[in-house]
Amino acid sequence: MTAIDERRDTAADGPAPEIGKSRKRKEDAHLITGRTTWTDNMVLPGMVHLAILRSPMAHARITAIDVSAALSRPGVLAAYTGRDFADTQGSIPCAWPVTPDMVNPGHPSLAVDQVNHVGEAVAVVVARDKTAAQDALEAIDIDYEQLPVVLDMERALAPDADLVHGHTESNRSFTWIFESGAAGTGAPIEEVLGQAEVTLSRRFLQQRLIPAFMEPRSTVVQPDGEGFVMWSATQVPHILRTMLALTLSVPEHKVRVIAPDVGGGFGGKLQVTPEEVITALVARKLGKPAKYTESRSESLMSAHHGRDQIQDITITARRDGTVTGLDVHLYADMGAYLRLVSPGVPVLGAFMFNSIYKFDAYRFVCEGVFTTKTPTDAYRGAGRPEATFAIERIMDELAVELGMDRMELRRKNWIRHEEFPFTTVAGLTYDSGNYEAATDRALELFGWDDLVAEQADRRARRDPVQLGLGISTFTEMCGLAPSRVLGSLSYAAGGWENATIRMLATGKVEVVTGTSPHGQGHETAWSQIVADQLGVPFEDVEVIHGDTQSSPRGLDSYGSRSLVVGGIAIVNAAQKVVAKARRLAAHLLEASEDDLDFANGSFTVKGAPGNSKSMAELAFAVFSAHDLPEGMEPSLDADATFDPENFSFPHGTHLCALEVDTETGFSTIRRYVCVDDIGEVINPLIVEGQVHGGLAQGIAQALYEEAVYDDEGNLTTGSFVDYLLPSAADLPNFITDRTVSRSTTNPLGVKGVGEAGTIASTPAVVNAVVDALRPWGITDVQMPCTPERVWRAIAQGAEKSERDPGGTVSWGGASTSSSDGSGADDTFADGSGAGSTDSSEGSQR
C-alpha cells in the first residue's frame, strides 16, 4: 500500500487529507506585503559595493589596462583587474565533462589576457556606494587588439576557422554519440535507414534564449576568518558552496551559502557565476563585506543563455505510417566558455528525441561548439524542449509526406498504455503512462472536429485570416536524480536529496529540506505532505531551506526534481518519525507495536479506540524523557536521503488553434488546451501556476523571444525594448486538465510538472503556424514566428507558386487534406522543404 493509499484509507474517519487540496501558498504573504529578503536588500555594517567593467568587444586581446584614474574618484576604495587575482581566482567550474576528451579551455572570472564575448568581466571597482563604483568605471583605461569573431557554428568547425581560444586545436569542445537498436530488433541504424520505404529529413533551428528571471542576480559576501558567508540569488546553494570551496581553495566547512528569497531562476540561476567568485575575492582581500547586484542589461548580456542549437533530423517509416528509424545530428552552441552543466544540456535531450514513439533504431550525435557569444547552459527544460520540438515538428511533416492524419500517425506509433513499463530505443524505461486518455480528453476540450471544419471552410473561402491547428504529444524525463545514471553520463555530482524532520516539544514540526525553492511553493507543498504523514495540522509545519548551515545536506532545485526526489526524502523521514513514535506509544499504552493503529495523528490500541496517544503527546513525552522505552534516545527526529532508481515521466497532449492574418503575418492564439499527466497532485493550485508559467515561456519561444547578435558579436537584444517577452495580454486563456497515471517509482505516485508546459507548448504553437500556411507549401517558419517571418514565408510561397506552374496555392479540397486535420498540401508533400523560410534577420549561428 502506498503513502497516498494509506492517507485515503484513513481519511474517512478524520479530517480531509491535505494532499490534493488547493492550498494558498504559505510563501505569498510576505512576498505581497513587501517583507521579502532579496539579496539586494541585505545591508551589513561596513559593506562596500562593486561595479564590474565589461568588455564591449566580442573577441580581443587585452593589451593594456590602467585603473589608477578610477582610484582617484570620490568614494572609491579599490580597483582590480584579472591580473590582481590571476593566482587566486581559479576557473569557473564545469561539472559535466560529457566525454573523456572534452575540451574545457578554462574560464577566469575576471579576464586576464583575452576577452571572448561581449559582456565578459575585465575589471572591478569597489566603492562606498553603488553609484560611486558605477561612475568610476568610465575612468578605467583599457586597450584592446581586436580578434576575428566566431559566430556561426558550422563555420566554426571548419579546418581553417579562427579559434575562440588560441591554445585549443579547434572550436570543437566535444562530440557525443549515442546509437541504439530497440529491444527485440537489434537493428543497426544504417540498416534501418537504408531499408526505409519513406525517408524525411529536416533542419530545425533552436534560437538562443535568455532566462530573463524577475530578480537580477545579486551577491553579498561577509568574510569570516579562513572562509566566508555568501548570500546569493541562486537556485543551488549547496552545489555553489561545494564549487566555491573547490574553486577558491577554501575549506568547505568554512563556506556558508544562503539563498534568501529568490525571484525566479528558470535554470538561469543554476550556476556558479563569475560575479559570485569576484565578490568573494574582493571581500576576502579587503576584509570587508561586499555586495554586487547586476543591472538588467548586464543580466541579459552576461548571465548564461539557453537553447541555441541546429537540429538535423531524419525519420524513416513504412508507407503505412509505422516509424522505423531516427537519426539526429546537433550542433550545440556552448558560447565562449563551458559553464556548470553546459555540455550536459544537449546530452539530456538525447534520451527524449524518440519521445513517446516506438522506433527500431536511433542515432544521436551532438557536437559542442565554441563561439564568441555569451555561454549557454540550462534553461527551463534543459535539452528536453529542444528534443520535443524536433520530434513533434517532424512527425507533423511525416504525416504530410504520407498523406495521413497527424493525430492518427501519432496514435499508430506511440506506446500503448498496456505496454508499460516500456524500455525505449534510447534505453530509458518509462514506468507508466496513458497517452490515449490524455489525448482523448484534450481533443474533447479542444473541439477538434469543429475546428477542422472551420479550417476547411476558411480555406475554401480564401479567408485572409487562416486557421492553423497544432499538436504536441510529449513526455519528458524529469526528477533529475538517479545518481548511478548521472554517473554513467560523467556528471560530477549525484542526484539524491536529503530531508530532516524535527518534532518540537509542543507538537509543532520543523522540516529541513535540501531543495531550494525560488517560486515553486515548497513551503506549502512540503507542509501538506508532512501534515498527512504525521497527522498534524498544516499550520503547525515549518519548512526550513536555502541555508547550508541550517540545511547542510542537499542538491537543490532544478530539472523538476524537487517533489519526486526531495518530496520523497521528506516522506521517508516522516515514516521514520512515525516508527519511533510507534515504539514510544506502545510503551506508554502498554501494548505491542503490532497492536497499534496510526491515523489522524494518533496511535490507538486495536479494539480500544479510547486508549490513544497523539503525536503532540508523544513529542512532549520525548522532550520530558521521564518514561521512555529501555534504550530509546529522547528524540523523534529523523533524517532521510532518497536516491531514486529511475526518472519520472510525466506526459500530456497540447493542442493549439492559431489564427494567422495572411496580409500582415500577425498570429493570434485563439484556443489552447493542454491535458497533462503528472501522476498524483499535491496542490492543484500550485500545479496550475506551474503549467501556466511554463506555457507562457514555451509560447514565448515560438512567437516572441530571440537573443540576436550582429556581425561583430554584439548582442542587439540587450534590453526588454528589443528582447520581446509576452505579457498576460499577449496570451490566451488556457484550458487545462489532467489525467492520472501514477508513477510506480515512488510512494506518492508523483511526477514532475515544473517544465511540462515549456516543453510541450513550443511545437504545438509552431505546428499551428505551419499548418495555417500549408496552402502556400510552407513546411517551416524559423522561431520566433514573428509577423515579418510569417509574412515573408507567405510571400516566398506565393512567389514559388507563380514561378512553378505545378505549384499553385492550394486553397481546399483534397489537396489540403483539411478534413483529416493534417492540413497537408499534396503539391509540396515530397519532403523537399521548398516552401520553408530561414529569415534570420541578422541572427548569426
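Structure first, text after, so check above.
The rules behind the values
Along every chain, residues carry numbers that run from 1 in the direction the sequence is written. Totals for whole chains, interfaces and linings use every residue, but because this is a predicted model, local features are given only for residues with pLDDT of at least 70 and side-chain atom pairs only at 80 or more, for both listing and counting. The basis for the side-chain values is all heavy atoms of the structure; hydrogens and waters are excluded. Per the convention used, a helix needs a DSSP run of H or I reaching at least four residues, while a strand needs a run of E reaching at least two, with both numbered from the N terminus. To estimate how far a helix should extend, the number of its residues minus one is multiplied by 1.5 Å. Buried means the residue's accessible area, taken with a 1.4 Å probe over protein chains only, is under 20% of the maximum for its type, while exposed means over 50%, and partly exposed covers the values in between. Nonpolar cores are built from buried Ala, Val, Leu, Ile, Met, Phe, Trp, Tyr and Cys residues. Side-chain atoms within 4.5 Å join them into one set. A contact between two residues is defined here by any heavy atoms of the two lying within 4.5 Å. At least two DSSP bridges between two strands are needed for those strands to be called paired. Axis lines are fitted through C-alpha atoms, for helices just across the contact stretch, and the angle between N-to-C directions can take any value from 0 to 180 degrees. Here is the rule for handedness: rotate from the far helix to the near one, and if that takes an anticlockwise turn smaller than a right angle the crossing is left-handed, while a clockwise turn gives right-handed. Amino acids outside the nonpolar list (Ala, Val, Leu, Ile, Met, Phe, Trp, Tyr, Cys, Pro) and the charged list (Asp, Glu, Lys, Arg) are all regarded as polar, and Gly is one of them. Roughly parallel means an angle under 35 degrees; roughly antiparallel, over 145; roughly perpendicular, 65 to 115; everything else is oblique. Disulfide: a pair of cysteine sulfur atoms within 2.5 Å of each other. Note: the arc covers the axis-to-C-beta directions of the helix.

S.K.: Break down unusual backbone geometry for me, citing the residues and quoting the values.
M.R.: With an omega of -5°, the peptide bond running from Phe420 to Pro421 counts as cis. Within the secondary structure layout, Pro421 lies in the loop between helix H12 (406-413) and strand S16 (422-423). The amide bond that connects Met783 to the next residue, Pro784, takes the cis arrangement and shows omega of -10°. Mapped onto the fold, Pro784 is located in the loop between helix H20 (756-772) and helix H21 (787-803). With phi around 55°, Arg462 is a residue other than glycine that occupies positive phi space. Position of Arg462 among the secondary structure elements: in the loop between helix H14 (448-461) and strand S18 (465-475). Residues other than glycine seldom take positive phi values, yet Asp556 does so here, at roughly 75°. Assignment of secondary structure puts Asp556 in the loop between strand S21 (541-544) and helix H17 (562-589).

S.K.: Break down helix H11 (residues 384-402) for me, with residues and values.
M.R.: For H11, which comprises 19 residues, the first-to-last C-alpha distance of 27 Å matches the rise-based estimate of 27 Å (1.5 Å per residue) to within 8%. Counting buried positions along H11 yields 17 of 19 residues, so the element is predominantly enclosed. Just downstream of H11 lies Gly403, where phi reads positive at about 70°.

S.K.: Please give an account of the nonpolar core that cites residues and values.
M.R.: Of all hydrophobic cores here, the largest spans 145 residues; its most connected members are Trp176, Phe353, Tyr362, Phe364 and Leu773. Considering each element in turn, this core owes the most residues, eight residues, to H11. When residues no more than four places from it in sequence are discounted, the contact partners of Phe364 are Trp176, Ile177, Phe178, Val328, Leu330, Pro346, Ala350 and Phe353. Core analysis: the second largest hydrophobic core is formed by 49 residues, Ile19, Ile529, Val536 and Val571 among them.

S.K.: Lay out the pairing of strand S28 (residues 734-739) in plain terms, naming residues and giving numbers.
M.R.: For strand S27 (residues 667-677) and S28, the ladder comprises six bridges, and the chain directions are parallel. Along S28, the bridge assignment pairs Asp676 with Arg738.

S.K.: How would you summarise the packing of helix H16 (residues 522-534) against H17 if you had to cite specific residues and measurements?
M.R.: At a minimum axis separation of 10 Å, H16 and H17 run at an interaxial angle of 30°. Relative to H17, the crossing made by H16 is right-handed. Two secondary-structure elements touch here, H16 through His522, Trp526, Ile529, Val530, Gln533 and Leu534 and H17 through Ser562, Leu563, Gly567, Ile570, Val571, Ala574, Gln575, Val577 and Val578. Taken together, the residues of the contact of H16 with H17 break down into ten nonpolar, five polar and no charged.

S.K.: Can you tell me about the side chain of Arg384, naming the residues and giving the values?
M.R.: On the secondary structure map, Arg384 appears in helix H11. Arg384 sits in the buried class, given a relative accessible area of 4%. Not counting the four nearest positions on each side in its chain, Arg384 is found in contact with Gly349, Met352, Glu476, Met477, Cys478, Gly559, Glu755 and Ile759.

S.K.: Give me the lowdown on the packing of H11 against H20, citing residues and values where you can.
M.R.: Where H11 contacts H20, the two axes come as close as 8 Å, and the packing angle between them is 30°. One finds that H11 runs roughly parallel with respect to H20. For the element pair H11 and H20, the recorded crossing hand is right-handed. Where H11 abuts H20, its residues Arg384, Pro385, Thr388, Phe389, Glu392, Arg393, Asp396 and Glu397 lie against Thr758, Ile759, Thr762, Pro763, Val766, Asn767 and Val770. Among the residues forming the contact of H11 with H20, the class breakdown is six nonpolar, four polar and five charged.

S.K.: Just give me the short version of the sheet that holds strand S23 (residues 602-605), but keep the residues and values in it.
M.R.: Here three strands make up an open sheet; going across it, the order is S22-S23-S24 and the pairing antiparallel. Two strands bound the open sheet, and with one partner strand each, they are strand S22 (596-599) and strand S24 (608-614). Strand after strand, the sheet turns through a mean of 30° between neighbouring axes, direction not considered. The pairing of S22 with S23 spans four bridges and is classified as antiparallel. Note that in S23 the partner of Leu596 across the bridge is Val605. Against the sheet, helix H18 (residues 615-624) touches S22, S23 and S24, its axis set at about 50° to S24.

S.K.: So what's going on with the state of the cysteines? Residues and values would help.
M.R.: Going through the model one piece at a time under the given rule, you end up with zero disulfides. No disulfide involves Cys478; its sulfur sits 15 Å from the nearest other cysteine sulfur, which is in Cys674. Accessibility expressed as a relative area gives 0% for Cys478, which makes it buried. Counting only cysteine sulfurs, Cys785 is the nearest neighbor of Cys656, a cysteine outside any disulfide, at a range of 11 Å.

S.K.: Outline H18, supporting the account with residue identities and numerical values.
M.R.: Listed in full, the buried residues belonging to H18 are Met615, Leu618, Ala619, Ala621 and Val622. Buried residues in H18, looked at end-on, bunch into an arc of 160°, giving them a common side. Its buried side turned inward, H18 meets strand S19 (497-503), H16, H17, S22, S23 and S24. At the C-terminal side of H18, Ala625 shows a positive phi close to 60°.

S.K.: Go over the sheet that holds S28, please, and point to the residues and values.
M.R.: Judged by pairing direction, the sheet is mixed, and its four strands sit side by side in the order S18-S26-S27-S28 without closing on themselves. Two strands lie at the open edges of the sheet, namely S18 and S28, each paired on one side alone. Neighbour to neighbour, the strand axes of the sheet diverge by 10° on average, direction disregarded. Sheet topology places S18 next to strand S26 (residues 651-661); eleven bridges connect them, and they run antiparallel. Paired with Gly468 across the bridge in S26 is Leu658. Along the sheet, helix H13 (residues 435-446) makes contact with S18, S26, S27 and S28, crossing S26 at roughly 30°. Relative to S18, H20 is tilted by about 145°, and along the sheet it contacts S18, S26 and S27.

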